[in-house]
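# Structural characterization, general
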Amino acid sequence: AMKRVIDIVRQYSAMPLGIQLGHAGRKASTNPPQIGGKPLTEAEGAWETVGPSAEPFGEDWHTPRAMDRATMDEVIAASVTATERAARIGFDVVELHGAHGYLVSEFLSPIANKRNDGYGGEIGNRIKFPMEMFEAMRAVWPEDKPLGVRLNGTDWDDEGLQVEDAIVFAKALAGAGCD
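Residues numbered from 1 in each chain as written. Predicted model: local features only at pLDDT ≥ 70, side-chain atom pairs only at ≥ 80, totals over all residues. Heavy atoms only, no water.

### Quick word on the sheet that holds strand β5 (residues 147–151)
- One open sheet accounts for three strands, arranged β1-β4-β5; its pairing is parallel. Of all strands in the sheet, those bounded by a partner on one side alone are β1 (18–21) and β5. Taken over all neighbouring pairs, the strand axes of this sheet differ in orientation by 25° on average, direction set aside. (Pairing = 2+ DSSP bridges. Helix = DSSP H or I, 4+ residues; strand = E, 2+ residues; numbered from the N terminus. Axes fitted to C-alpha atoms, helices over the stretch in contact; angles between N-to-C directions.)

### A short note on the nonpolar core
- Core analysis: the largest hydrophobic core is formed by 34 residues, its most contacted members being M67, F129, M133 and F169.
- Those elements that provide at least two residues to this core are α2 (69–89), β4 (93–98), α3 (103–108), α5 (128–140), β5 and α6 (163–175).
- Ranked by residue count, the leading element in this core is α2, at seven residues.
- Excluding residues within four positions of it along the chain, M67 makes contact with V50, G51, P52, M72, V75, L103, F107, R115 and F129. (Core = buried A, V, L, I, M, F, W, Y, C linked by side-chain atoms within 4.5 Å. Buried < 20%, exposed > 50% of the residue type's maximum accessible area, 1.4 Å probe, protein only. Contact = heavy atoms within 4.5 Å.)

### Observations concerning α2
- Look at α2: 30 Å from first C-alpha to last across 21 residues, which is about the 30 Å you get at 1.5 Å a residue.
- Residues of α2 that are buried include every one of T71, M72, V75, I76, S79, V80, A82, T83, A86 and I89, and no others.
- Backbone geometry just after α2 places G90 at a positive phi near 105°. (Expected span 1.5 Å × (residues − 1).)

### A closer look at the environment of M137
- Along the chain, M137 turns up in helix α5.
- Given the relative accessible area of 0%, M137 is considered buried.
- Here the alpha-carbon distance between M137 and R69, two residues 68 residues apart in the chain, equals 18 Å.
- When sequence neighbours within four positions are dropped, the list of residues in contact with M137 reads L21, S79, V80, T83, V94, L96 and L147.

### As for the pairing of β4
- Pairing of β1 with β4 involves four bridges; the strand directions are parallel. Of the residues in β4, the one forming a bridge with G18 is V93.

### Examining the side chain of T49
- Positionally, T49 belongs in the loop between β1 and β2 (50–51).
- Residue classification places T49 among the buried residues on the basis of a relative accessible area of 2%.
- Dropping the residues within four chain positions of it, T49 is found in contact with G25, R26, A28, S29, H62, T63, P64 and R65.

### Side note on the side chain of H62
- Tracing the sequence through the fold places H62 in the loop between β2 and β3 (65–66).
- From its side chain, H62 meets the backbone oxygen of L40 in a polar contact 2.9 Å long.
- Excluding residues within four positions of it along the chain, H62 makes contact with A28, S29, P39, L40, A46, T49 and P56. (Polar contact = N/O pair within 3.5 Å; in protein donor to acceptor, adjacent residues only side chain to side chain.)

### Section: the packing of α2 against α5
- The contact between α2 and α5 brings their axes to 9 Å, and the two run at 30°. Taken together, α2 and α5 sit at an angle that is classed as roughly parallel. When the axes of α2 and α5 are compared, the crossing they make is right-handed. Taking contact as the criterion, the partners of R69, M72, V75, I76, S79, V80, T83 and E84 in α2 are, on α5, F129, E132, M133, A136, M137 and V140. (Parallel < 35°, antiparallel > 145°, perpendicular 65-115°, else oblique. Left-handed = near helix turned anticlockwise from the far one by under 90°.)

### Overview of the pattern of salt bridges
- Scanning all chains against the criterion turns up nine salt bridges.
- The salt bridge involving R10 is made with D92; its shortest N-O contact spans 2.7 Å. Pair noted here: R10 is in helix α1 (residues 2–12) and D92 is in the loop between α2 and β4, with a separation of 82 residues, a long-range link.
- With its nearest N and O atoms 2.7 Å apart, the salt bridge here joins R69 to D73. With a gap of four residues between them, R69 and D73 both fall in helix α2, about one helical turn apart.
- Of the residues examined, R69 reaches a relative accessible area of 34% and is grouped as partly exposed.
- The exposure class assigned to D73 is partly exposed, which follows from its relative accessible area of 38%.
- Overlapping salt bridges, with partners in common, bring together R69, D73 and E132 in one network. (Salt bridge = Lys/Arg side-chain N within 4 Å of Asp/Glu carboxyl O.)

Pasting the structure below:
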């Protein structure tokens, strides 16, 4: 369906077209923002959410299942498939959504990421999964097309992601070919 849209746009414009790819993580299973964005109830079809840790986004939100290695690999594989599809149907740019409390942001944030393995704790560990995801996407996205990452620079909380942490992540992304 998106290929058809891209082909129609190309008939009328040479404007570059981009797509943002992301995973909502613990903020998934909600009503659309235009009707409040609150978590779905079981009667509304709520599904199990995942995150770096079993930490809900807020009061009255679902408690996500902490991701194990297999789930992390599934998310990376799905991101690769989506990136390959974006290239195949003609998008000019891809942006990995890593902000606003979505999955990449959750791994970066010590508020959401309470892991005690190699993916939690200090920022060098908290960037590992986001970097694995980005590097896998970069490997299948054409080198001559931009691949970027949207990220927030702070959680606006003394216990959360700090600007200095975001700089560490941004430098790692630049070193991995982020545009």
